[in-house]
Structure formats: C-alpha cells, structure tokens
Amino acid sequence: MQMERSIRSALISVFYKDGLEPIVRRLHELGVALYSTGGTQSFIEKLDIPCTPVEQVTGYPSILGGRVKTLHPGVFGGILARRDLPEDMEQAEQYSIPMLDLVIVDLYPFEETVKQTDDEKTIIEKIDIGGVSLIRAAGKNHKDVCIIASRHQYGELLEVLDRGNGVTTLEERRRFAAVAFAECAHYDVAIAAWFNRDDNSDYSQWSFNNKYPLRYGENPHQKAAFYGNIDALFNKLNGKELSYNNLVDVDAACQIVSEFTNPVFAVIKHTNVCGIAERSTIGEAWEAALAGDPESAFGGVLATNMPVDVATAKKINELFFEILIAPAYDEDALEVLRTKKNRILLQQKGAFYPTKEYKRVLNGILVQSADDKSFNEWTDAGARPCTSEEKEDLLFANIVCKHLKSNAIAIVKGRQLIGKGCGQTSRVDALRHALDKAKQSGFTTQGAVMASDAFFPFNDCVIMAHDAGITAVIQPGGSVRDADSVAYCREHDMAMVMTQLRHFKH
C-alpha cells in the first residue's frame, strides 16, 4: 500500500539556512503554500517567494523573546489532523486550521553552544521547545505528513520531490520520521548530559549522530560501525579507511602516548604496547622503540608525540606498518611515507584524554572513570632507596605497565621497554614471558627495573627478577604476603617501591 500524499502546504522554520534555497524554490515551483516564522520567513521573502507568517494562523505574534511562536492549535492541528478521520477534518474546518503536509524544522544548536560557552543563561536559551514539538507531531502523523528534521536530509528531500512531483509515499515519510525521532532523541540526551554533568543522576544515556560504517568487525563475518566523530581528533593524510581493529589500536596508541611530554615513540599490537622508548629526539625514540620487539612491530600501529621529520620517516619506512599517528609531519617526511598508498597516516589534532570507559557486559553496560590517576605514594620498601636512574625507569615502567592487559609485567632499562608479559593468567607467567621477550630481542636484564600492574601474591616474582639481574621493582602492594617480597628484596639489596595504586586492565 503506497499511501501517497501530495504536498500542498509546508511549514518551514529552521536555524540553519544553508542548503535551504533549492528546497524553497522547488516547493514554489510545485505550487506549495509556504508558512514560516522569523528569520526563515525573511529568508524566503528575500527570494521573492510568497510566504504566510505563522502569526496569521495563530493570531498571536512571537512572544516571550521568541520562546513561543508555533505552540498553538492552529499550527499543531494542521500537523496532527488525521486526513482519513472525518471528525478531525471537520474540527480543522470549524476552527479554520490549514493543513500542513510538509514540516521542515531543525533544532537550536545546543551542543555547539555548550562547546562555545559556560554561560548557563545562554545554554538554557538554546534548549529548543517548539522545534522538538513540531518534529514529534509531524513524525507521529507521518501517515499524512512528511517531516524533515535536519539540513542533512535536504538532498534526499529534493530527490523525493523530483521523483514524485510533490507526492510522497508512506515508506518515504516513515523513513524521514525515523530520522526525525532519532534527531530528537540525540538532542534530549545532550541536554540531559549537560544537566547531569556532575554525574549525580541515576540515569545514563549516550547518543552519537555520526555513524561510520566499517568493512567488518574484529573478524570478516562480523558487522560493525563506529559511532563518533573521528574527524574531530585526526586529519587523515594518507591511506585506506580505518577498520574496527585499527580503531581499537589507535585508541590504545593515543592513550599511552598522551602520558609523556618528552619525545616518545610507541608500537601497538592488538591494543598492547610491544615497543616504547623515551629519548631526546624522535629518531632515537623510534629506533629504541623498534628494538624493544622488532618481530611484533611488523604490521603494528605506531604513535609519537612529536612531529615526524624526513630522517625519521626514512627509518620508519623500512618497516611494514598499518598506521602512523603524529601531531605533525614535515612535507618531505610525508613524501616518503606516502609511497605506500594503503598506509594510514593520521595527524592528531590534540592529546586524547578520555574521562570515562564503557564496556558491554551481559545485558548491560559497565561504566567507570578512566584510569588517569598517578600514584600518591612513593614508598621505598626494599633494601635501599632507588637511584635516580632507577627512579626514572620505574616511573616509565609503571606507565607502560598500566597500558598492558592484565596480568602484566614491564621490564625497562634506560627508558626503553625491553620485555613485557601481558594478558597472562598468572603474574609469574607474565614475568616469564617478559624475560623471554627481552632475551629474544637481544637485551640483558642486568640493571633493569620491573613494574607490575598489581601486587605479588608470593615472593616468586621478586626471586625471578633478582635472578635475572633486575635491581628495582615497582608495584601497588596490598598482598597479605607483601612482607615475604619485601624481606627478599631487603636480603638481596633490591629496591622496591609500593604505590598503593593498582592498574588492572581487562
């Protein structure tokens, strides 16, 4: 059943006028009677197209500083009247209510205003009342009325007008109504989030109005999409479209790099950092990061907090990698890196500091604040205080370990990750893996330091670390058998720092 409806009249009242002119002209060509308000009315009249002010329908001017313009039975009756219900049509005729077959209304820019100012009065005035009401009314009565709630739909509306010569089908109107209700829902979520900015509500809602379809999910048989605004974070300078797995690794890369101010380079593989180093120059940082695990770096995601120069670009270009993230690139560096057309080059617009983390669990969502705390305590619990070199390395190792999947161990020497164990089911297995990786990459662990994301249940890890030549350890502490690990360190001249801050990551 087509349920076709001819558009004979339209109400147009929008905040954004860009792209509106072709719509207005096409409606005029089709002989559609136009009704409008305020700035939109002036816009239409400047096109030399006749337009009836809504005030002539309502009998009231715009009042209360523009807060009340269209909230009137004369307007809503023309939208909500059911054309196939005689009682509705009789009442509309009784009260001289004109039918409205098309409603083009957008909403005040609430989210944009919140980004631009903290002034509460200004923000409150951008909470749309009439627009939302008009959109919901037209969406509810989509059987008879066509609703356009965003300027992003103007192109599709023009196609519909041209294809049907001013006649719409039920399927088209239902599709427009679905978008309209989604626009309202997103708008309401943004307002609720602003009122709940102190996070003291029992309700939690999220809404994203940017959908990026992805080729597939983690695996080819899984469907996927990204909801968010990736363009707000990056300029893509080269390469293919980002995949699901790319986005997950990019997120991990940006988070760990944001922890540092000195030149640092990180290599990410399956969300874990497999190589990272801090040096005085970006080129040195790259070489040290790659040396940490050159085998795992193949096909990885690379990230740095410094501009990429041509000398470093030439070194990086020798490796096959998926993505490189940097705050800037020299032009000659881009020429080198763009030699591979599918290689993704991202220019990060600013440091990325998420404040919350979300995870689907069972039939709900877990929400937690981000693990963005630095430890408040530095307790030397071992045989001696740390040397200055050990302290530097322990601080570096603790940050790295925080970004590895639990159970995690990071072994660092000279602000370079030389061995790591992550995602292991026991802490001692994580340490074994870290020691094996260091050996595999040709490093000696003599004089290195070790970080653990959580406490040592037993003293086996400090024993293994000492046997490998590790001289200092950093860990949260909190085990009922902390004393065993402390005693071993004191007996074997090992430094041990307890932070009282765990960094589990699952």
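Quick caveat, the model's predicted, so the values are computed rather than measured. (Residues numbered from 1 in each chain as written. Predicted model: local features only at pLDDT ≥ 70, side-chain atom pairs only at ≥ 80, totals over all residues. Heavy atoms only, no water.)

Focus: the overall build of the protein
Counting its secondary structure elements, the protein contains 19 helices and 23 strands. What you see for the protein is a C-alpha radius of gyration of 31 Å, clearly larger than the 23 Å of a compact globule of 506 residues, by over 25%. By its C-alpha atoms, the protein is 100 × 50 × 45 Å across when sized along the principal axes. Taking all 506 residues of the protein together, 47% fall into the buried category. Considering only intrachain contacts with a sequence separation of at least 6, the fraction spanning at least 24 residues in the protein is 56%. Of the roughly 25,400 Å² of accessible surface on the protein, 51% is carried by carbon and sulfur atoms. One way to put it: in the protein the 55 positive side-chain charges average out to a point 3 Å from where the 68 negative ones average out. (Helix = DSSP H or I, 4+ residues; strand = E, 2+ residues; numbered from the N terminus. Rg over C-alpha atoms; globule rule 2.2 N^0.38 Å. Buried < 20%, exposed > 50% of the residue type's maximum accessible area, 1.4 Å probe, protein only. Contact = heavy atoms within 4.5 Å. Areas by Shrake-Rupley, 256 points an atom, 1.4 Å probe, with all protein chains shown as cover. Lys, Arg positive; Asp, Glu negative; His and termini not counted. Charge placed at Lys NZ, Arg CZ, Asp CG, Glu CD.)

What to know about the sheet that holds strand S23 (residues 495-498)
On the basis of which strands lie adjacent, the open sheet formed by six strands has the order S18-S23-S22-S21-S19-S20 and mixed pairing. Of all the strands in the sheet, just strand S18 (379-380) and strand S20 (417-421) have a single pairing partner and so form its edges. Note: strand S22 (residues 472-475) against S23, four bridges, orientation parallel. In the strand pairing of S23, Ala472 is matched with Ala495. Here helix H17 (residues 427-440) sits on the sheet and contacts strand S19 (409-412), S20 and strand S21 (449-452); the angle it forms with S20, its principal contact strand, is near 145°. (Pairing = 2+ DSSP bridges. Axes fitted to C-alpha atoms, helices over the stretch in contact; angles between N-to-C directions.)

A word on a negative patch on the surface
A cluster of acidic residues, Asp330, Glu331, Asp332 and Glu335, forms a negative patch on the protein surface. Following the sequence through the fold, Asp332 ends up in helix H15 (residues 331-337). (Patch = residues over 30% accessible without salt bridge, like charges linked within 9 Å, V, L, I, M, F, W, Y side chains within 5 Å. Salt bridge = Lys/Arg side-chain N within 4 Å of Asp/Glu carboxyl O.)

Description of the nonpolar core
Core analysis: the biggest nonpolar cluster contains 44 residues, and Val250, Ile276 and Ile325 have the highest contact counts within it. Considering each element in turn, this core owes the most residues, seven residues, to helix H11 (residues 244-257). Ranked by size, the runner-up nonpolar core spans 28 residues in total, among them Phe76, Val132, Ala149 and Tyr187. (Core = buried A, V, L, I, M, F, W, Y, C linked by side-chain atoms within 4.5 Å.)

Overview of the packing of helix H8 (residues 130-140) against helix H10 (residues 170-195)
Where H8 contacts H10, the axes come no closer than 9 Å and their chain directions differ by 150°. In terms of orientation, H8 and H10 fall into the roughly antiparallel class. Taken as a pair, H8 and H10 cross one another with a handedness that is left-handed. In this structure, H8 contributes Val132, Ile135, Arg136, Gly139 and Lys140 to the contact, and H10 contributes Ala177, Ala180, Phe181, Cys184 and Tyr187. (Parallel < 35°, antiparallel > 145°, perpendicular 65-115°, else oblique. Left-handed = near helix turned anticlockwise from the far one by under 90°.)

A few points about the packing of aromatic side chains
One pair of aromatic rings is described through two measures. These are the centre distance and the angle between the planes. Taken as a whole and assessed by the stated rule, the structure comprises nine aromatic pairs. With a centroid separation of 6.3 Å and an interplanar angle of 70°, the aromatic rings of Phe110 and Tyr187 are classed as edge-to-face. Residue Phe110 is located in helix H6 (residues 110-116), and its partner Tyr187 is located in helix H10; the two are separated by 77 residues in the primary sequence. Note on Tyr187: relative accessible area 7%, which makes it buried. Following the ring pairs from residue to residue traces out a cluster consisting of Phe110, Tyr187, Trp194 and Phe195. Sitting over the face of the ring of Tyr16, Arg151 holds its NZ or CZ atom 3.9 Å from the ring centroid. For Lys391, the ring lying beneath its charged end belongs to Trp378, and the centroid distance is 5.1 Å. (Phe/Tyr/Trp six-rings, centres within 6.5 Å; stacked < 30°, edge-to-face > 60°. Lys NZ or Arg CZ within 6 Å of the ring centre and 35° of its normal.)

Structural notes on the sheet that holds strand S11 (residues 264-269)
The six strands lie next to each other as S10-S15-S14-S13-S11-S12, forming an open sheet whose pairing is mixed. Every interior strand has two partners, whereas the edge strands, strand S10 (234-238) and strand S12 (272-278), have only one. Recorded for the sheet is a direction-independent mean angle of 20° between the axes of neighbouring strands. Taken together, the four bridges between S10 and strand S15 (residues 344-348) define a ladder with antiparallel strand orientation. Bridging across to S15, Asn238 finds its partner in Leu345. Across the sheet, H11 touches S10, S11, S12, strand S13 (301-304), strand S14 (323-326) and S15, and the angle it forms with S11 is around 150°. Running at roughly 30° to S11, helix H12 (residues 282-292) makes contact with S11, S12 and S13 of the sheet.

Section: the layout of surface pockets
The gaps left among the atoms become clear once a water-sized probe is rolled over them. For the second largest pocket, the calculated volume is near 470 Å³. Lining the second largest pocket are 26 residues; nearest its centre among them are Gly66, Arg67, Lys69, Tyr108 and Asp128. If you list the elements that add at least two residues to the lining of the second largest pocket, you get helix H2 (38-46), helix H7 (120-125) and H8. (1 Å grid on protein atoms, 1.4 Å probe; cavity = no way out; pocket = protein on both sides within 12 Å on 5 of 7 lines; lining within 4 Å. Points joined across faces, edges and corners; volume = space filled by probe spheres on them.)

A look at the environment of Gly382
Mapped onto the secondary structure, Gly382 falls in the loop between S18 and helix H16 (388-402). Classification of Gly382 as buried rests on a relative accessible area of 13%. Residues Gly382 and Lys17 lie 365 residues apart in sequence; the distance between their C-alpha atoms is 69 Å. Setting aside residues no more than four positions away along its own chain, Gly382 makes contact with Cys489, Arg490, Met494, Ala495 and Met496.

Regarding H2
Here H2 has its buried residues at Thr40, Gln41 and Ile44. Take H2 and look down its axis: the buried residues cluster within an arc of 100°, on one side only. Against strand S2 (9-13), helix H1 (21-29), strand S3 (33-36), strand S4 (52-53) and helix H3 (54-58) lie the buried residues of H2. Just downstream of H2, Asp48 is the residue with a positive phi angle, here 60°. (Arc of directions from axis to C-beta.)

Let's talk about the pairing of S22
Side chains Ala472 and Ile474 of S22 all project onto a buried face; the interleaved residues Val473 and Gln475 project onto the opposite face, where all are buried too. Sheet topology note: the S21/S22 ladder contains three bridges and is parallel. Among the inter-strand pairings, Met450 is bridged to a residue of S22, identified as Val473. Viewed along the sheet, the connection from S22 through helix H19 (residues 482-491) into S23 turns out right-handed. (Right-handed = clockwise from strand over helix to strand, strands pointing away.)

Considerations on the packing of helix H9 (residues 154-164) against H10
In helix packing, the relevant descriptors are the interaxial angle and the interaxial distance, both defined with respect to the helix axes. Contact geometry for H9 and H10: axes closest at 12 Å, N-to-C directions at 170°. By the angle class used here, H9 and H10 are roughly antiparallel. Handedness of the crossing formed by H9 with H10: left-handed. Between H9 and H10, the residues in contact are Glu156, Leu157, Val160 and Arg163 and Glu172, Arg175 and Phe176, respectively. Classifying every residue of the contact of H9 with H10 by side-chain character gives three nonpolar, no polar and four charged. (Nonpolar A, V, L, I, M, F, W, Y, C, P; charged D, E, K, R; others polar.)

All quantities given are derived from atomic positions and should not be read as evidence of function.
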